[in-house]
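# Residue-level structure breakdown
Listed below are the residues making up each chain.
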Amino acid sequence: DEALQATKVSKPTPANVGPKDLLPVQVAAPRAWDKNDIWTVEEAECAGVDEDVDDGREVPGYEFKYKQAVTTADNFLGISGKDPGSHSCEELVVAVQLPDAASTADMELDVTANHLQLSSARYKLFVHLPHKVNSDRGKAKWDSKKKVLAVTLPIVQDDL
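What counts, and where the lines are drawn
- Residues numbered from 1 in each chain as written.
- Predicted model: local features only at pLDDT ≥ 70, side-chain atom pairs only at ≥ 80, totals over all residues.
- Heavy atoms only, no water.
- Pairing = 2+ DSSP bridges.
- Helix = DSSP H or I, 4+ residues; strand = E, 2+ residues; numbered from the N terminus.
- Axes fitted to C-alpha atoms, helices over the stretch in contact; angles between N-to-C directions.
- Salt bridge = Lys/Arg side-chain N within 4 Å of Asp/Glu carboxyl O.
- Buried < 20%, exposed > 50% of the residue type's maximum accessible area, 1.4 Å probe, protein only.
- Core = buried A, V, L, I, M, F, W, Y, C linked by side-chain atoms within 4.5 Å.
- Contact = heavy atoms within 4.5 Å.

## Side note on the sheet that holds strand β4 (residues 115-119)
By definition, the strands of a sheet pair up through backbone hydrogen bonds, in either a parallel or an antiparallel sense. Strand order in the open sheet formed by 3 strands is β3-β4-β5, and the pairing between neighbours is antiparallel. A single partner strand is all that each edge strand has here, and the edge strands are β3 (108-111) and β5 (124-128). Averaged over all neighbouring strand pairs, the angle between strand axes comes to 5 degrees, with direction disregarded. In the sheet, β3 pairs with β4 via 4 bridges, with the strands oriented antiparallel. Each residue of the ladder has a partner; that of Leu109, found in β4, is Leu118.

Dropping the structure here:
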């Protein structure tokens, strides 16, 4: 009987490869997914950014403008492959309208790679930037006649 079992050879199959008993691992149940959600909570979280809380100060108007270095070869021949899209632009300009501001002396401006925050006694602005920027190389210019603060930020070109 033992000689018969010794000559019997089993073929390995996917079902009998690996440990016979599974390890006792507990896996968290997946969160319920709402079909109207665009992102999960983890995707929407911003690390290191405080919530923008309404404290009664006025939120100024702002707009995004893009700057692009274009030569005549780009304009007439289209050699470089640049197009009018924002992905071909070198700089992002955030123009903030501050109609009741006398100067920038009492304003505080904080720019990170993804956010711009401006605060003063009267105004408060917190905005997510549409592109990742190099905050160390940014420039701000105050136009006292138009009462506009123009913040020019180089766009970080991520190679895909």
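What follows picks up the thread again.
## So, the pattern of salt bridges
What the rule picks out here adds up to 5 salt bridges. Among the salt bridges present, the one from Arg57 reaches Asp55, with a minimum N-O distance of 2.8 Å. Given the relative accessible area of 26%, Arg57 is considered partly exposed. For Asp55, the salt bridge is made with Lys124, and the minimal N-O distance between the two is 4.0 Å. Placement of the pair is Asp55 in the loop between α2 (41-44) and β1 (61-67) and Lys124 in strand β5, with a sequence separation of 69 residues. Residue classification places Lys124 among the buried positions, given a relative accessible area of 15%. One network of salt bridges, with partners in common, ties together Asp55, Arg57 and Lys124.

## Comments concerning the nonpolar core
In terms of nonpolar packing, the biggest core is built from 19 residues, with Leu98, Leu116, Leu118 and Leu129 touching the most fellow members. For this core, the elements supplying multiple residues, two or more each, are β2 (91-97), β4, β5 and β7 (148-154). Setting aside residues no more than four positions away along its own chain, Leu118 makes contact with Val96, Leu98, Met107, Glu108, Leu109, Tyr123, Lys124, Leu125 and Leu149.

## Digging into unusual backbone geometry
For Lys147, which is not glycine, the phi torsion reads 60 degrees and is therefore positive. Here Lys147 is to be found in the loop between β6 (139-143) and β7. Residue Lys147 is classed as partly exposed on the basis of its relative accessible area, which comes to 25%.

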